[in-house]
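So the chains spell out like this:
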Amino acid sequence: MSRGVVVVKTFVVNCGVLSKALWGGRFAQAATPLLATPHAPLIAPPSGRPFHTTESLKKNGKMRWEYLNNKMYRPTPIGETERPAFVAHVKKNLKYSPDKMWYIACLVRGLKIDDAINQLKFVSQKGAQFAIDTLEEARQMAIRDHYVEYPSNLWVSESFVGRGLVYRGYRRHARRRFGKVEYKHCHYFVTLEEGDPPQQYYTYQAKLTPEEMLQEYLKELRKRNVPFAI
Amino acid sequence: MTTARLTVRLSQLSLHALPSIRSSSVPLPLLAPASIPTQAQLTWVSYVHRDPNYKHFAPNFGFKRKHYIEKFKKDRKQKFIKVNLPDPNEKDDYDSMTPEEIRAKMKEKGIKPVRPWQERPVCISSTTSTFEPYVPPEGDGKVSTLSTAGAKQKIERLEKKGKSMMAVRKIRQFDDDFDPKLFAADAQEIYIASHRALADGDMNKLHQCVTERAFPLVTHESRHKTIRWQFLGSLEPPRAVHIRCTDVISKENIFAQVTVRFHTKQTLAVYDRFGRLLHGSEVVARDVLEYVVFEKHMANTYGLWRVHDKIIPDWMPPKQPVRRTYRVKEMEEEEEEATPSKEETSEVADSQNEKPAVAVA
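Values in this document were obtained by computation on a predicted structure and should not be read as measured data.

A. Representation of the overall build of chain B. What chain B contains, in helices and strands, is 9 helices and 4 strands. Across chain B, helices and strands are ordered from the amino to the carboxyl terminus as α-α-α-α-α-α-α-α-β-β-β-β-α. Taken across its 361 residues, chain B has 40% of its residues classed as buried. Carbon and sulfur atoms make up 55% of the accessible area of chain B, which amounts to about 23400 Å² in all.

B. Seen up close, the sheet that holds strand S3 (residues 86–94) of chain A. Residues and elements named next belong to chain A. The 3 strands lie next to each other as S3-S5-S4, forming an open sheet whose pairing is antiparallel. Two strands bound the open sheet, and with one partner strand each, they are S3 and strand S4 (154–172). Each neighbouring strand pair of the sheet contributes to a mean axis angle of 15 degrees, computed without reference to strand direction. In this structure, S3 lies alongside strand S5 (residues 178–194), joined through 7 bridges in antiparallel fashion. Paired with alanine 88 across the strands is threonine 191, a residue of S5.

C. Spotlight on the pairing of S4 of chain A. Residue and element names in this part refer to chain A. Pairing of S4 with S5, which is carried by 16 bridges, proceeds in the antiparallel orientation. Of the residues in S5, the one forming a bridge with tyrosine 167 is tyrosine 183. Counted between consecutive antiparallel strands, the loop separating S4 from S5 contains 5 residues, among which arginine 175 sits at a positive phi close to 55 degrees.

D. Layout of a nonpolar patch on the surface. Residues and elements named next belong to chain B. The grouping of Val122, Ile124 and Ile249 at the surface amounts to a nonpolar patch, some 350 Å² of accessible area in total. Relative to the helices and strands, valine 122 is located in the loop between helix H3 (99–109) and helix H4 (148–152). The class of valine 122 is exposed, set by a relative accessible area of 71%.

E. Main features of the packing of helix H2 (residues 98–108) of chain A against helix H4 (residues 126–145) of chain A. Residue and element names in this part refer to chain A. Where H2 contacts H4, the axes come no closer than 9 Å and their chain directions differ by 45 degrees. If you check the angle between H2 and H4, you find them oblique. Note on packing geometry: the crossing formed by H2 with H4 is right-handed. Contacts between H2 and H4 involve Met101, Ile104 and Val108 from the former and Gly127, Ala128, Phe130, Ala131 and Leu135 from the latter. Taken together, the residues that form the contact of H2 with H4 break down as 7 nonpolar, 1 polar and no charged.

F. Expanded view of H2 of chain A. Residue and element names in this part refer to chain A. Turning to H2, its buried residues number three or more, namely Pro98, Met101, Ile104, Ala105 and Val108. Angular distribution of buried residues about the axis of H2 spans 110 degrees; they occupy a single face of the element. Of the exposed residues in H2, those oriented more than 90 degrees away from the buried face are Asp99 and Tyr103. Residue serine 97 occupies the N-cap position of H2, its side-chain oxygen lying 3.3 Å from the main-chain nitrogen of aspartate 99. Two residues or fewer past H2, glycine 110 is found with a positive phi of approximately 80 degrees.

G. Quick look at the UniProt feature "domain: Tim44-like" (unreviewed entry) in chain B. In the numbering used here, UniProt assigns the feature "domain: Tim44-like" (unreviewed entry) to residues 164–312 of chain B. As annotated, residues 164–312 of chain B comprises 29% helix and 45% strand, and the C-alpha atoms at either end are separated by 20 Å.

H. Representation of the packing of aromatic side chains within the structure. Under the definition given, this model contains 19 aromatic pairs over all chains. A ring pair is formed by phenylalanine 178 of chain B and tryptophan 305 of chain B, whose centres lie 5.8 Å apart and whose planes are at 25 degrees; its orientation type is stacked. Of this pair, phenylalanine 178 of chain B sits in the loop between helix H5 (162–174) and helix H6 (180–200) while tryptophan 305 of chain B sits in the loop between strand S3 (277–297) and strand S4 (306–311), placing them 127 residues apart in sequence. With respect to burial, phenylalanine 178 of chain B and tryptophan 305 of chain B carry one shared label: buried. With centroids separated by 6.1 Å and ring planes inclined at 35 degrees, the aromatic side chains of tryptophan 229 of chain B and phenylalanine 231 of chain B adopt a geometry described as tilted. Both residues of the pair, tryptophan 229 of chain B and phenylalanine 231 of chain B, belong to the buried class. One aromatic cluster is present, formed by Phe178, Phe183, Tyr191, Phe262, Phe294 and Trp305 of chain B through successive ring pairs. Above the face of the phenylalanine 86 of chain A ring, arginine 273 of chain B is positioned so that its terminal group lies 4.7 Å from the ring centre.

I. Region of the structure containing the side chain of asparagine 253 of chain B. Counting through the fold element by element, asparagine 253 of chain B comes out in the loop between strand S1 (226–247) and strand S2 (254–271). Of the polar contacts made by the side chain of asparagine 253 of chain B, one reaches the side chain of histidine 297 of chain B; its length is 2.5 Å.

J. Quick peek at the pattern of salt bridges. Residue and element names in this part refer to chain B. Following the criterion strictly, the structure yields 22 salt bridges over all chains and no others. Arginine 244 is the salt-bridge partner of glutamate 132, the closest N and O atoms lying 2.6 Å from each other. Within this pair, whereas glutamate 132 is found in the loop between H3 and H4, its partner arginine 244 is found in strand S1, the two being separated by 112 residues in sequence. Since its relative accessible area comes to 14%, arginine 244 is described here as buried. Here glutamate 212 makes a salt bridge to arginine 306, at a shortest N to O gap of 3.1 Å.

K. How the structure looks around the side chain of histidine 195 of chain B. Residues and elements named next belong to chain B. Relative to the assigned elements, histidine 195 resides in helix H6. Here histidine 195 falls in the buried class, since its relative accessible area comes to 2%. A distance of 2.8 Å separates the side chain of histidine 195 from the backbone oxygen of tyrosine 191, its partner in a polar contact.

L. Region of interest: the pairing of S2 of chain B. Residues and elements named next belong to chain B. A large share of S2 lies buried, amounting to 18 of its 18 residues. Note: S1 against S2, 17 bridges, orientation antiparallel. Residue pairing for S2: isoleucine 227 is matched across the bridge by valine 270. Hairpin geometry of S1 and S2 is characterised by an intervening segment of 6 residues between the two adjacent antiparallel strands and by a positive phi of about 65 degrees at isoleucine 249. Pairing geometry for S2 and S3, over 16 bridges, is antiparallel. For alanine 256, the partnering residue across the bridge sits in S3 and is lysine 296. The turn linking S2 back onto S3 is made up of 5 residues, and glycine 275 within it adopts a positive phi angle of 85 degrees.

Reading guide: rules and limits
Residues numbered from 1 in each chain as written. Chains lettered and ligands numbered in written order. Predicted model: local features only at pLDDT ≥ 70, side-chain atom pairs only at ≥ 80, totals over all residues. Heavy atoms only, no water. Helix = DSSP H or I, 4+ residues; strand = E, 2+ residues; numbered from the N terminus. Buried < 20%, exposed > 50% of the residue type's maximum accessible area, 1.4 Å probe, protein only. Areas by Shrake-Rupley, 256 points an atom, 1.4 Å probe, with all protein chains shown as cover. Pairing = 2+ DSSP bridges. Axes fitted to C-alpha atoms, helices over the stretch in contact; angles between N-to-C directions. Patch = residues over 30% accessible without salt bridge, like charges linked within 9 Å, V, L, I, M, F, W, Y side chains within 5 Å. Salt bridge = Lys/Arg side-chain N within 4 Å of Asp/Glu carboxyl O. Parallel < 35°, antiparallel > 145°, perpendicular 65-115°, else oblique. Left-handed = near helix turned anticlockwise from the far one by under 90°. Contact = heavy atoms within 4.5 Å. Nonpolar A, V, L, I, M, F, W, Y, C, P; charged D, E, K, R; others polar. Arc of directions from axis to C-beta. Polar contact = N/O pair within 3.5 Å; in protein donor to acceptor, adjacent residues only side chain to side chain. UniProt positions renumbered as here; feature names shortened; annotations may be inferred. Phe/Tyr/Trp six-rings, centres within 6.5 Å; stacked < 30°, edge-to-face > 60°. Lys NZ or Arg CZ within 6 Å of the ring centre and 35° of its normal.

Here it is, written out as structure tokens:
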């Protein structure tokens, strides 16, 4: 969320005498005692801080990827678990085909960042280097700006490819024929989250536990019906 | 076609030599006239006679995506019309380029040249530092003024200070009703307002409470953070301890700076973007001793008293450490990198100093 900073170059129209009235003249002591008793925490967030999302920051109805890192979350309420830190990064217009880059993006999903980079080092494709650069940059962003404590405590929660610039050229064929050539670029999007990755990234691939299998069986039994029965 | 004809001829020539070896009784169909080339055997050779410089390319059956013989690669390359692909991620290093090179690059990109003169209006609404800063006495704030030891402690009165009184007289030239004792109360209101504005994220209000010089220091690393600050009360009434006046550029352009001493009780809690507590606590109150410098542009009719600077003496105990661990950047030069980038350096965080328990009766 980006806040427009409006710098007030000149001052509020005010003269010296009125300013006293504005700030309140007399010194006011707090009514509550000042002994070291714990003070009740602020429950409601202070007013004046807007939590709006401007339409200009959205693309196709969704928040633009570059602005996902500006999203603010309210302080964790008492009793709830802490939200894990995340950082969303993108590297745009890499000179590589999106269809080829897709394979590399799929390889990296759901892995710890160190494992992901190690695997990519042994992929002898041009896109692998792009992916490594993106992951390293995202990791540095996480440590520097998003208060991630340990650089290795990150995993790849999202990894996908988008179509970038396409320059069109052409080529000659035999018998005075011509064919078009596309010089493709791709965008590589990545989200790193703090913590451990789940056991199964694709939930549909997860094997059912015996309890779940039992529930499924019971569901099937209960679904049985005799049609047109009284 | 010519390949076949040549090879046929060669084979015929070699076969004609054979009759000397074989017996003449057997009728040899090979002695037929050379005008029937279709009956002769053909041999395949992996080269093209047209190109005299042609190398022999061994067939590679391992890589299936291309033709198994690597022929005409250069010719095939020439069939693709060359397109100049601009690199979107290329970043020009303008520092190391000559003006002619920069001009050429800009022409290429279609950017118009920069205006030869650059006019920029400058508004001097605050000074850049505290002039003749106040030196707080050591041991200040450790003992309560209500105890015997505290009563014995000499409180330096502002009336006895010559330079400060001269400055007060200078301020009274512009503002007749200025009284340091009353001003201290107003200063506390401004101090509280500035903290509240920072916590709310109200930048317009903050500009009215804080000078341009102090604004980046106050808002440093406060973006994307939730700050919850509470003012619980004063332990001692605020006191103006130091007043100075100075002129900038011309003699009449006076800026006044007043240092006010605050001994207060506050709570501060800073949460990061994800709502995780980074610093402080919402519940635990802390005693805060601060020397805040307020500045006003006296020569300006619309001048306001605003927070300008904070005096941090050497004897002040260190700040509360950050909750998370971090790696300190190793600097090659021996620069004093006292506060790493992650530590809170806003005015609000500076205020959290560990003070021994002050018993207030």
